[in-house]
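The chain contents come next:
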Amino acid sequence: MTTSTHHRFDRRSLGRKTAGWLTAAGLVLTSLGLSSPAHAAEGQLRIAQQFGIVYLLLNVAQENKLIEKHGKAAGVDIKVEFLQLSGGSAVNDALLSGNIDIAGAGVGPLFTLWDRTKGRQNVKGVASLGNFPYYLVSNNPAVKTIADFSDKDRIALPAVGVSVQSRVLQMASAKLWGDKEFNRLDKNQVALPHPDAAAAIIKGGTEITGHFGNPPFQEQELAGNPKAKIVLNSYDVLGGPASATVLYATEKFRAESPKTYKAFVDALDEAAKFVAANPEKAADIYLKVSGGNTDRGLLLKIIQNPEVQFKVRPENTLGMGQFLHRVGAIKNQPTALKDYFFEDAHTASGN
């Protein structure tokens, strides 16, 4: 009999102190009673995800026991654990320490870890979680473009200088001020989990006047505060629809647990098809698994947004990697998807 557990933090209690604590992945995982095994055995799968509907494919796979289903078809009973962290730094630390097998974070953290582990653990992408536009939202009337942020403004995002939101903001800064000024707005950034950042934007009156988030938090902000507006859209920076959030793992895990790995990717692909065919059921699953109080109508609007595509094939990711190499943020230059993604049938035609 397989089991699936979901460790979830109380979002209302996630304050700034908690956000800092979450970035210490070792402390988080110790508090969850997890050890650091040398490697994961076939049939064991520990997945780290963060906040937002961008992780819907994982929610569907969890609720519908799709990983276990595909594992049994391959003759493996897979025990699945879902862990919730905040920020690419925490997720990357957890993966390198052996506390998780699959990391869920932005493509920015993937490139950081791919670069750092090349020739050693060889971390690469496993699958995309879909294409989603990410909005930088501000409640400051004076801020109409990123050039309007002053030294007093603070922009909340999952991880400063590492998260995909931070990297997209760096790309936008480089386009505006030149490559040498790519990290000009890093000093304005603060690490904060999406639920807390959204609450700050909606309420107003704090130093947090910007939040580079993801669905559904960005939509909640726009609906909850009449002063809130979109300052930047990730699609505009990246040149179209892009896989902002991805899943990645070490070469060792893939090599030692091939059946578990394949069952996971197959389950994700089935989850993507499920969401496309059953948007209302998918919305209900998100509400159940995430434990949030997001408006169901808002969720459906996001899921059915033509700009949102749920798919495991990565799209439009290479440009960010090449930018990061150009400005010196990573040492190795990616030239094709196969450099930083494992080659599999579901992802082979990606870019």
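Going by the structure above, here's the rest.
Predicted model, so just to flag it, every value in this text is computed and none were measured. All residue numbers refer to position in the chain's written sequence, counted from 1. This being a predicted model, a pLDDT of at least 70 is required before a residue's local features are given, and a value of 80 or more before pairs of side-chain atoms are given or counted; all residues contribute to the totals for chains, interfaces and linings. Note: side-chain values were computed over all heavy atoms of the structure, leaving out hydrogens and water.

Enquirer: Looking at this structure, how should I read the packing of aromatic side chains?
Expert: What describes a pair of aromatic rings is the distance from one ring centre to the other and the angle between the planes of the rings. The pairing test for Phe, Tyr and Trp rings, Trp by its six-membered ring, is centres within 6.5 Å, and the orientation test on the planes gives stacked under 30 degrees, edge-to-face over 60, and tilted for anything in between. Scanning the model with the defined rule gives 8 aromatic pairs in all. On the numbers, 4.6 Å between centres and 50° between planes, the contact of Phe-111 with Tyr-340 is tilted. Linking Phe-111 in helix α6 (residues 107-117) with Tyr-340 in helix α16 (residues 337-340), this pair joins segments that are 229 residues apart in sequence. A simple rule labels every residue: compare its accessible area, found with a 1.4 Å probe on the protein chains alone, to the largest value its type can have, and call it buried under 20%, exposed over 50%, or partly exposed in between. Among the residues examined, Phe-111 registers a relative accessible area of 0% and is labelled buried. With relative accessibility at 0%, the residue Tyr-340 sits in the buried group. Between the aromatic rings of Tyr-340 and Phe-341, the centroid separation amounts to 5.9 Å while the plane-to-plane angle is 75°, which identifies the pairing as edge-to-face. Under the scheme used here, helices are H or I runs from DSSP no shorter than 4 residues and strands are E runs no shorter than 2 residues, and both carry numbers assigned from the N terminus.

Enquirer: Sorry if this is basic, but what is going on with the side chain of Gln-189 here?
Expert: Looking at the element boundaries, Gln-189 is found in strand β8 (residues 189-191). N or O atoms closer than or at 3.5 Å make up a polar contact, with two conditions inside protein: a donor-capable atom paired with an acceptor-capable one, and, for residues adjacent in sequence, both atoms drawn from side chains. Among the polar contacts made by the side chain of Gln-189, one reaches the side chain of Ser-166 at a distance of 2.8 Å. Working rule for contacts: check all heavy atoms of both residues, and any pair within 4.5 Å makes them a contact. Look past the residues within four positions of Gln-189 in its chain and what remains in contact with it is Ile-155, Leu-157, Val-160, Gly-161, Ser-166 and Leu-169.

Enquirer: In this structure, what is going on with the environment of Tyr-340? I would like to understand it.
Expert: Once the C-alpha coordinates of Tyr-340 and Gly-125 are considered, the two residues, 215 residues apart in sequence, prove to be 6.1 Å apart. Once residues lying within four places of it in the same chain are set aside, the contact partners of Tyr-340 are Leu-110, Phe-111, Trp-114, Lys-124, Gly-125, Thr-317, Leu-318, Pro-334 and Asn-351. A distance of 3.2 Å separates a polar atom in the side chain of Tyr-340 from the backbone nitrogen of Leu-318.

Enquirer: Whenever I open this one, the side chain of Asp-344 confuses me. Can you help?
Expert: Secondary-structure assignment places Asp-344 in the segment after α16. For Asp-344, the side chain forms a polar contact with the side chain of Arg-254, separated by 3.2 Å. Residue contacts for Asp-344: discarding those within four places in its chain leaves Arg-254 and Tyr-261.

Enquirer: Explanation requested: the nonpolar core in the structure shown.
Expert: Note that soluble globular proteins tend to have their nonpolar side chains buried in a common cluster. We call a set of buried residues a nonpolar core when its members are Ala, Val, Leu, Ile, Met, Phe, Trp, Tyr or Cys and they connect through side-chain atoms within 4.5 Å of each other. Core analysis: the largest hydrophobic core is formed by 95 residues, its most contacted members being Ile-67, Val-126, Tyr-248 and Phe-264. Ranked by residue count, the leading element in this core is helix α12 (residues 258-277), at 9 residues. Formed by 10 residues, the second largest nonpolar core is a distinct cluster that contains Val-190, Leu-192, Ile-201 and Ile-208.

That is the geometry; function is a separate question.
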